[in-house]
Amino acid sequence: MNFKTQKAKNLLSKDFKIAIQSAKEILDNADITSFQDLCENSEFIFDFIKEKINNNFLKATDENNYLNLIKLSNIYCEDFGDFIIKGLVKFASEDLTDEILEVLENGTNEQRACLVKYFNHIKDPLVLDYLKDFTYSDYEPLNYNCAKVLYNFNDYEKYNEAIEVLQKSQDDFGKIKAVNFLSAFGDKNAIEYLYNFMLNSPFSSEVALAILELDSLNNIEDNKALNIYNNILNSYPEFLSLDTIIAYNIYSYLKKILNTELNEEKYYILYKTKIKFNLFVKEDIYTFDLDKETKEEVKKINDLINKHYENWENNLPINENISYIEDVLDTIIEENLEQYREEIKNLMNKTENEIIICKCAQALNNFNAEINPDILNKIKNQNIEAIIAGLNSHKA
């Protein structure tokens, strides 16, 4: 930690009198500089100490300084926003509510993001227009908190609009905003709409993450959960940190799969998990910055998978009707699973999907197998045609 102010440093003091006095001085003087110093060091402070600091601030809040909480809200910090809202609610009044509404009208996005949470406790309907206006702002914490408050008001206007965007809009950027709203809003009924959007979305991994903010893999219908987990697995570790495996209950979900009757889709998911987690355990580059608990969880998952491993790679689904067939083909290519040569030839001849045809051709090329040049008659995309023609040329 690198504190620039003594008051911020004193908040962590083991001496209660020093810590509470520092909290009171920051509140009495609306000392934004010291509060910002605290917030900038929050990632280095243990959770139990953060809780103590929040409690001390709340104890130091009184009728003479509670309005200064509004000034401190200029610094948005999720770790230290709790006492601001609790302190304001403690002294709630019509005048205070009006003042907070005024800040929502004219304040900064940081203030708005913090202060909208006041209305989780004080249900003044005058805030609803602000919440709806800020739902798709350029400041993510504000969007998220507004969605949460709207849910607590049981106001579904923006929820219904977001569903409609997923179903009808041609604007990919707008769809992602709708996904983020539905995830934050918190109604589990949105999972069905999010899942259907995920199936054909270029942002399938982001949508999968949004779904898991609403419910656990263990509670989602079997085939849907497999598809969602596959997208999460695709995100590890390049786009999604392994420190999420505990929050997403990956171990318990895999254990659940292993305790069911296995089919080709499950064999694939388990085999792909084995490949990834064997790598994570073997190569320190993937785990060196994880905390001890997460490292142990990675090893625990890897041990579970290896304990139950039974040549899953010999039972993969070569079927274009499964939504992640392209991922299956990628795995076959990467692992050079030549036992699927004939099945891949049959799939390439049957399908009209040009991406699948291309991946089949790449797999056959890896196997040093012949690629029927007539397959190019199925291809309309010039880029895909060039890739397959190049593979044939290489064979020649």
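Above this text you will find the structure in question.
This text gives an overview of the structure that appears in the document. As the structure is a prediction and not an experimental result, all values here were calculated from the model. (Residues numbered from 1 in each chain as written. Predicted model: local features only at pLDDT ≥ 70, side-chain atom pairs only at ≥ 80, totals over all residues. Heavy atoms only, no water.)

A separate point is the packing of aromatic side chains. Summed over all chains, the structure comprises 19 aromatic pairs. A centroid spacing of 5.7 Å and a plane angle of 20° characterise the contact between Tyr268 and Tyr324, whose relative ring orientation is stacked. Of this pair, Tyr268 sits in helix α17 (residues 264-282) while Tyr324 sits in the loop between α18 (292-308) and α19 (325-335); the two residues are 56 residues apart in sequence, bridging distant segments of the chain. An identical accessibility class is assigned to Tyr268 and Tyr324; each is buried. With a centroid separation of 5.1 Å and 75° between ring planes, the pair formed by Phe277 and Phe280 is classed as edge-to-face. Here Phe277 pairs with Phe280, and both are found in helix α17, just three residues apart, close to one helical turn. A cation sits over an aromatic face here: Lys274 above Tyr309, 4.5 Å from the ring centre. Across from the ring centre of Tyr251, 4.2 Å away, lies the NZ or CZ of Lys300, which sits over that ring. (Phe/Tyr/Trp six-rings, centres within 6.5 Å; stacked < 30°, edge-to-face > 60°. Helix = DSSP H or I, 4+ residues; strand = E, 2+ residues; numbered from the N terminus. Buried < 20%, exposed > 50% of the residue type's maximum accessible area, 1.4 Å probe, protein only. Lys NZ or Arg CZ within 6 Å of the ring centre and 35° of its normal.)

As a further point, take empty space enclosed by the protein. For the structure shown, the criterion picks out one cavity of 30 Å³ or more. Within this model, the largest cavity holds a volume of roughly 40 Å³. Looking at the lining of the largest cavity residue by residue, the classes come out as four nonpolar, one polar and two charged. (1 Å grid on protein atoms, 1.4 Å probe; cavity = no way out; pocket = protein on both sides within 12 Å on 5 of 7 lines; lining within 4 Å. Points joined across faces, edges and corners; volume = space filled by probe spheres on them. Nonpolar A, V, L, I, M, F, W, Y, C, P; charged D, E, K, R; others polar.)

In this section: the nonpolar core. Soluble globular proteins tend to pack their nonpolar side chains together in the buried interior. Phe35, Leu38, Phe57 and Tyr236 are the most contacted members of the largest nonpolar core, which has 134 residues in total. Aside from chain neighbours lying at most four places away, what touches Tyr236 is Ser241, Leu242, Thr244, Ile245, Tyr248, Ile250, Lys276 and Phe280. (Core = buried A, V, L, I, M, F, W, Y, C linked by side-chain atoms within 4.5 Å. Contact = heavy atoms within 4.5 Å.)

As a further point, take the side chain of Glu354. With respect to the secondary-structure elements, Glu354 resides in helix α21 (residues 354-366). Here Glu354 is buried and forms no salt bridge, its nearest opposite-charge partner Lys380 lying at an N-O distance of 5.2 Å. Among the polar contacts listed, one links the side chain of Glu354 to the backbone nitrogen of Asn381, at a separation of 3.0 Å. The contacts of Glu354, once residues within four sequence positions are left out, are Lys378, Ile379, Lys380, Asn381 and Ile384. (Lys, Arg positive; Asp, Glu negative; His and termini not counted. Salt bridge = Lys/Arg side-chain N within 4 Å of Asp/Glu carboxyl O. Polar contact = N/O pair within 3.5 Å; in protein donor to acceptor, adjacent residues only side chain to side chain.)

Bringing the packing of helix α16 (residues 250-258) against α18 into the picture now. Packed helix pairs are characterised by how far apart their axes lie and by the angle those axes make with each other. Two elements in contact, α16 and α18, have axes whose closest approach is 10 Å; the angle formed by their N-to-C orientations is 10°. The orientation of α16 with respect to α18, classified from their angle, is roughly parallel. Touching Ile250, Tyr251, Leu254, Lys255 and Leu258 of α16 are Glu297, Lys300, Ile301, Leu304, Ile305 and His308, all from α18. The residue inventory of the contact of α16 with α18, partitioned by class, reads seven nonpolar, one polar and three charged. (Axes fitted to C-alpha atoms, helices over the stretch in contact; angles between N-to-C directions. Parallel < 35°, antiparallel > 145°, perpendicular 65-115°, else oblique.)

Together, Glu94, Asp95, Asp98, Glu99, Glu102, Glu105, Asp129 and Asp133 make up a negatively charged patch on the protein surface. At the level of secondary structure, the elements contributing two or more residues to the negative patch comprise α7 (94-106) and α9 (128-134). Here the element with the most residues in the negative patch is α7; it accounts for six residues. Mapping Glu102 onto the fold places it in helix α7. (Patch = residues over 30% accessible without salt bridge, like charges linked within 9 Å, V, L, I, M, F, W, Y side chains within 5 Å. Areas by Shrake-Rupley, 256 points an atom, 1.4 Å probe, with all protein chains shown as cover. Charge placed at Lys NZ, Arg CZ, Asp CG, Glu CD.)

Each pocket or cavity is described by its volume, and for the largest pocket that value is around 510 Å³. Along the walls of the largest pocket sit 25 residues, with Leu199, Ser204, Ser323, Tyr324 and Glu326 positioned nearest its centre. Taken as a whole, the second largest pocket spans an internal volume of roughly 430 Å³. Considering the residues around the second largest pocket, the lining is formed by 16 residues, among which Glu140, Tyr144, Asn180, Phe181 and Ala184 are closest to the centre.

By secondary structure assignment, the location of Phe80 is in the loop between α5 (68-72) and α6 (82-90). For the pair Phe80 and Glu51, spaced 29 residues apart in sequence, the C-alpha to C-alpha distance is 8.6 Å. For Phe80, the residues in contact, after removing those within four places along its chain, are Phe35, Leu38, Cys39, Ser42, Ile45, Lys50, Ile53 and Asn54.

Our next topic: the environment of Lys292. Checked against the element boundaries, Lys292 lands in helix α18. A C-alpha to C-alpha distance of 22 Å links Lys292 and Ser235, two positions 57 residues apart in sequence.

In this model helix α15 (residues 222-235) runs 20 Å from its N-terminal to its C-terminal C-alpha over 14 residues, within 8% of the 20 Å that 1.5 Å per residue would give. Of all 14 residues making up α15, eleven are buried, and the element is well covered by its neighbours. Check the buried side of α15 and you find it contacts α13 (190-199), α14 (204-214), α16, α17 and α19. (Expected span 1.5 Å × (residues − 1).)

Following Tyr236, the chain continues into Pro237 via a peptide bond in cis, with omega recorded as -10°. Position of Pro237 among the secondary structure elements: in the loop between α15 and α16.

For the structure shown, the criterion picks out 18 salt bridges. Note that Lys7 is salt-bridged to Asp31, the shortest N-O span being 3.7 Å. With Lys7 in helix α1 (residues 6-10) and Asp31 in the loop between α2 (16-28) and α3 (32-40), this pair connects stretches of sequence that are 24 residues apart. Residue Lys7 is classed as partly exposed on the basis of its relative accessible area of 28%. For Asp31, a relative accessible area of 15% puts it in the buried group. For Lys168, the salt bridge is made with Glu164, and the minimal N-O distance between the two is 3.9 Å. With Lys168 and Glu164 both in helix α11 (residues 157-168) and four residues apart, this pair spans about one turn of that helix. Overall, Glu164 belongs to the partly exposed group, its relative accessible area being 43%. One network of salt bridges, in which partners are shared, links Lys24, Asp28 and Asp62.

Geometry only, nothing functional implied.
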